[in-house]
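# Observations on the three-dimensional arrangement
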Amino acid sequence: QLSTSFYSSSCPNLLSTIKPVVQSAISAEKRMGASLLRLFFHDCFVNGCDGSILLDDTSSFTGEKNALPNKGSARGFDVVDKIKTAVEKACPGVVSCADILAVAARDSVAILGGPTWNVKLGRRDARTASQSAANNNIPAPTSSLGNLISMFSAKGLSTKDMVALSGSHTIGQARCTTFRAHVYNETNIDSSFAKSRQSNCPRTSRQGDNNLAPLDLQTPTAFDNSYFKNLVNKKGLLHSDQELFNSGSTDSQVTTYSTSAGTFSSDFAAAMIKMGDISPLTGSSGEVRKNCRKTN
Ligand code: HEM
Ligand SMILES: [Ca+2]
Ligand SMILES: [Ca+2]
């Protein structure tokens, strides 16, 4: 059972130890807030919020970092290491890497101007990771609305949670390979927006695959509701983004968020708390890693 006071006696300064490290990473590179938020999502969706995504591959161990949704894409591991070093100095051997991800995600959203919430803590770290679970449980950008709804439902998250959490794409960047088909081949996209995204994403595959574009064309480093305004204007970057507003069951929620930043903020915070509750290891399960990249 997770609790907001889990470390109140064992590491009373935990939150004030983490926040400045996140703050300085974001000051150095604004995108880092997005990258840290995404790490938490990619951890929680793969066998729960257990720090599994942080384990490095070795000659005898294959983890999640090279799974398709993460390879060449997931980033911020060095910042997690910096946080862990600061936390180990303050409270040696006490705080899990899984909890560090939960706090870093919360702080990132708040620092970029989004809502904040009380983070539940007490997760422990996995001794294993699963590349196949990472490949199978993290939704692809080609997903249909039905796929998205069922993949979130498989994690105990509602359609409403899914739409709110997708609002994370109000910050951060995506590679050409993830949006090429949407901007060249699809019709549910604003044509001038499609053209402008084509200009830095060659049609031919393998060319410019890693060229970046902002997920939110308006305010890519501010956590606001402009992602939903884009969707209403058919300016979603990923196929999966535009699926949320494509004459289906989630159109009305997208419209609500596009006009009410406050409703988005409170629904987003509630959904992040729910996502953070996905099958944590607690009690004496798992371990508290000394180094987030390897098991003890
Ligand atoms: C609804 C299903 C989702 C799909 C299909 C999806 C897909 C993607 C893709 C393809 C990218 C670009 C990756 C790249 O090109 O390297 C991305 C980036 C991102 N995603 Fe999602 N995502 C989803 C939900 C979420 C959720 C629930 C969160 C957080 C709670 C999230 C947070 C982010 C962030 C912040 C970025 C930018 C990362 C950066 O700039 O480093 N996404 N997502
Ligand atoms: Ca995990
Ligand atoms: Ca934004």
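Treat the numbers as computed from the prediction; the structure is a model and nothing was measured.

A few words now on unusual backbone geometry. A negative phi holds for most residues other than glycine; trans holds for most peptide bonds. Even without a glycine there, the phi angle at Asn47 is positive, about 55°. One can find Asn47 in the loop between helix 2 (31-44) and helix 3 (77-90). Its relative accessible area of 45% is what places Asn47 among the partly exposed residues. Its identity as a non-glycine residue notwithstanding, Lys234 has a phi of 55°, on the positive side. Structurally, the position occupied by Lys234 is in the loop between helix 10 (226-232) and helix 11 (239-243). Residue Lys234 is classed as partly exposed on the basis of its relative accessible area, which comes to 40%.

Overall, the coordinates contain one cavity of 30 Å³ or more when judged by the stated rule. Its boundaries defined by the atoms lining it, the largest cavity holds a volume of some 70 Å³. Taken together, Phe40, Ala102, Ala105, Arg106, Trp117, Asn118, Val119, Lys120, Arg123, Met272, Ile273 and Gly276 make up the full set of residues lining the largest cavity. Contributing elements (two or more residues each) for the lining of the largest cavity: helix 4 (97-111) and helix 13 (261-276). Taken together, the residues that form the lining of the largest cavity break down as seven nonpolar, two polar and three charged.

So, on to the site of ligand 1. Taken together, the neighbourhood of ligand 1 is formed by 26 residues, with Arg31, Ser35, Ser73, His169 and Arg175 sitting nearest. One of the backbone N or O atoms of Gln173 is found 2.9 Å from an oxygen atom in ligand 1. With respect to the pocket detection grid, ligand 1 is positioned in the largest pocket. For the shell around ligand 1, the elements supplying multiple residues, two or more each, are helix 2, helix 6 (145-153), helix 7 (159-166) and strand 1 (173-175). When residues of the shell around ligand 1 are assigned to their parent elements, the largest contribution, five residues, is made by helix 2. Grouping the amino acids of the shell around ligand 1 by side-chain chemistry returns 13 nonpolar, nine polar and four charged.

Before going further, it helps to spend a moment on the UniProt feature "binding site: Ca(2+) 1" (unreviewed entry) in the protein chain. What UniProt calls "binding site: Ca(2+) 1" (unreviewed entry) maps, in this numbering, to Asp43, Val46, Gly48, Asp50, Ser52 and Glu64. For this annotated set, covering 22 residues, all C-alpha atoms fall within 13.0 Å of each other, a compact arrangement in space. Among the structural elements, Ser52 can be located in the loop between helix 2 and helix 3. Ignoring sequence-local partners within four residues, the contact set of Ser52 consists of Asp43, Val46, Glu64, Ala126, Thr128, Ala129 and Arg289. Tracing the chain through its elements places Glu64 in the loop between helix 2 and helix 3. The exposure class assigned to Glu64 is buried, which follows from its relative accessible area of 0%. Sequence-distant contacts of Glu64, defined by excluding residues within four places in its chain, comprise Val46, Ser52, Ile53, Asp57, Asn70, Ala129, Ser130, Gln131 and Ala134.

Thresholds applied
- Residues numbered from 1 in each chain as written.
- Chains lettered and ligands numbered in written order.
- Predicted model: local features only at pLDDT ≥ 70, side-chain atom pairs only at ≥ 80, totals over all residues.
- Heavy atoms only, no water.
- Helix = DSSP H or I, 4+ residues; strand = E, 2+ residues; numbered from the N terminus.
- Buried < 20%, exposed > 50% of the residue type's maximum accessible area, 1.4 Å probe, protein only.
- 1 Å grid on protein atoms, 1.4 Å probe; cavity = no way out; pocket = protein on both sides within 12 Å on 5 of 7 lines; lining within 4 Å.
- Points joined across faces, edges and corners; volume = space filled by probe spheres on them.
- Nonpolar A, V, L, I, M, F, W, Y, C, P; charged D, E, K, R; others polar.
- Near = heavy atom within 4 Å.
- Polar contact = N/O pair within 3.5 Å; in protein donor to acceptor, adjacent residues only side chain to side chain.
- Sits in = over half its atoms within 2 Å of the grid points.
- UniProt positions renumbered as here; feature names shortened; annotations may be inferred.
- Contact = heavy atoms within 4.5 Å.

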